[in-house]
Amino acid sequence: MEIINSRQKDDTTLKAIDKILNNLNINGYVAIVMYPGHEEGLKEYQSIKLFVKDLPKKSFTVGWYKMINHNFNAPALCWIEKVGEYA
């Protein structure tokens, strides 16, 4: 069994998201739920947020939902709509 450190896990997650976005049809959606309530989940949450905020506006619309009347550990939702070509 291969042991994956947290940086490799972040890279794997971001590569998977990028692959999904490349294969997503225009007008298609993807939803990503993150659980920042533990150390690894928080790192992944931060990596995903940095990745999606820089997606090109001509290709994607990105939404981010975070409950504001709960503690920071509450799950978060990112939804992405593909609105144009992405290379």
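Residues numbered from 1 in each chain as written. Predicted model: local features only at pLDDT ≥ 70, side-chain atom pairs only at ≥ 80, totals over all residues. Heavy atoms only, no water.

With that settled, the discussion passes to the sheet that holds strand β2 (residues 60-66). If you walk across this open sheet you meet the three strands as β1-β3-β2, and the pairing is antiparallel. Each having just a single partner strand, β1 (29-34) and β2 make up the two edges of the open sheet. Here the strands of the sheet are splayed against their neighbours by 15 degrees on average, with no regard to which way each runs. Relative to strand β3 (residues 76-82), β1 runs antiparallel, the two being bridged by six bridges. (Pairing = 2+ DSSP bridges. Helix = DSSP H or I, 4+ residues; strand = E, 2+ residues; numbered from the N terminus. Axes fitted to C-alpha atoms, helices over the stretch in contact; angles between N-to-C directions.)

Turning next to the side chain of Ser 59. Along the chain, Ser 59 turns up in the loop between α2 (39-53) and β2. From its side chain, Ser 59 meets the backbone oxygen of Glu 85 in a polar contact 2.5 Å long. Those residues in contact with Ser 59 that sit more than four places away from it in its chain are Glu 81, Lys 82, Val 83, Gly 84, Glu 85 and Tyr 86. (Polar contact = N/O pair within 3.5 Å; in protein donor to acceptor, adjacent residues only side chain to side chain. Contact = heavy atoms within 4.5 Å.)

Right, let's get into unusual backbone geometry. The general pattern is negative phi for most residues beyond glycine and trans for most peptide bonds. One non-glycine residue, Asn 27, adopts positive backbone phi at about 75 degrees. Note on placement: Asn 27 falls in the loop between α1 (6-23) and β1.

So, about the pattern of salt bridges. Under the defined criterion, the tally for this structure stands at three salt bridges. The shortest N-O distance in the salt bridge between Lys 43 and Glu 39 comes to 3.4 Å. Taken together, the residues Lys 43 and Glu 39, both in helix α2 and four residues apart, mark about one turn of the helix. A salt bridge links Asp 54 to Lys 53, with the shortest nitrogen-to-oxygen separation between them at 3.7 Å. (Salt bridge = Lys/Arg side-chain N within 4 Å of Asp/Glu carboxyl O.)

One pass over the full model with this rule turns up two aromatic pairs. Ring plane angle 75 degrees and centroid distance 4.8 Å describe the contact between Phe 60 and Tyr 86, whose orientation is recorded as edge-to-face. Of this pair, Phe 60 sits in strand β2 while Tyr 86 sits in the segment after β3, and the two are 26 residues apart along the sequence. By the burial criterion, Phe 60 is buried, and Tyr 86 matches it. (Phe/Tyr/Trp six-rings, centres within 6.5 Å; stacked < 30°, edge-to-face > 60°. Buried < 20%, exposed > 50% of the residue type's maximum accessible area, 1.4 Å probe, protein only.)

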